[in-house]
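Examination of the molecular architecture
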Amino acid sequence: MITFEAEGVKFPNIKKRDTSSWIRRVAESYDRKVGEIGYLFVNDEKILEVNNQYLGHDYYTDIITFDYSEGKTISGDIVISLDTVFTNADKFNRPYDEELHRVIIHGILHLCGINDKGPGEREIMEAAENRALAMI
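Below or above, wherever it landed, is the structure these notes cover. Please read all numbers here as calculations on a predicted model, not as lab measurements. (Residues numbered from 1 in each chain as written. Predicted model: local features only at pLDDT ≥ 70, side-chain atom pairs only at ≥ 80, totals over all residues. Heavy atoms only, no water.)

The N-to-C vectors of helix α4 (residues 96-111) and helix α5 (residues 121-133) enclose an angle of 115°; their axes lie 9 Å apart at closest approach. Crossing angle aside, the handedness with which α4 passes α5 is right-handed. Residues Glu-98, His-101, Arg-102, Ile-105, His-106, Leu-109 and His-110 of α4 lie in contact with α5, whose contacting residues are Met-125, Glu-126, Ala-128, Glu-129, Asn-130, Ala-132 and Leu-133. For the contact of α4 with α5, the per-class residue count stands at six nonpolar, four polar and four charged. (Axes fitted to C-alpha atoms, helices over the stretch in contact; angles between N-to-C directions. Helix = DSSP H or I, 4+ residues; strand = E, 2+ residues; numbered from the N terminus. Left-handed = near helix turned anticlockwise from the far one by under 90°. Contact = heavy atoms within 4.5 Å. Nonpolar A, V, L, I, M, F, W, Y, C, P; charged D, E, K, R; others polar.)

Moving on: the sheet that holds strand β2 (residues 33-42). Taken in spatial order, the four strands line up as β1-β2-β4-β3 in an open sheet, and their pairing is mixed. Two strands bound the open sheet, and with one partner strand each, they are β1 (2-6) and β3 (63-67). Averaged over all neighbouring strand pairs, the angle between strand axes comes to 15°, with direction disregarded. The pairing of β3 with strand β4 (residues 73-81) spans five bridges and is antiparallel. Residue pairing across strands places Asp-67 opposite Gly-76, the latter belonging to β4. Packing of helix α2 (residues 44-55) onto the sheet brings it into contact with β2, β3 and β4, and relative to β3 it is tilted by some 40°. (Pairing = 2+ DSSP bridges.)

Okay, structure coming up:
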């Protein structure tokens, strides 16, 4: 089950059923099944609070993914700052909706085992995001 909630921000203009179907297709392309996925859309202040409280990081970010996956079933909580998504869309000269979908699927790709912190991993993640965006 995939759930979408917003706290302190207006709910983004996404179609929940279509987005959930897309997420499942992307997960299946990595031989994964979707378990319990919870999205929470927040503002910058809330994501800073979550980042500080749970990860000990004192900076803003666009997404935080908490992974509860077991085996080939992906599960997790994904917190997304719509403020930062908007800022990044402008910074990278992308449409807001595209950047939002990129971040939505970024969390799923983490749950599928793709990382983006080590050498060369960012390029692998970006390529995976692009493949996923082409599946919408």
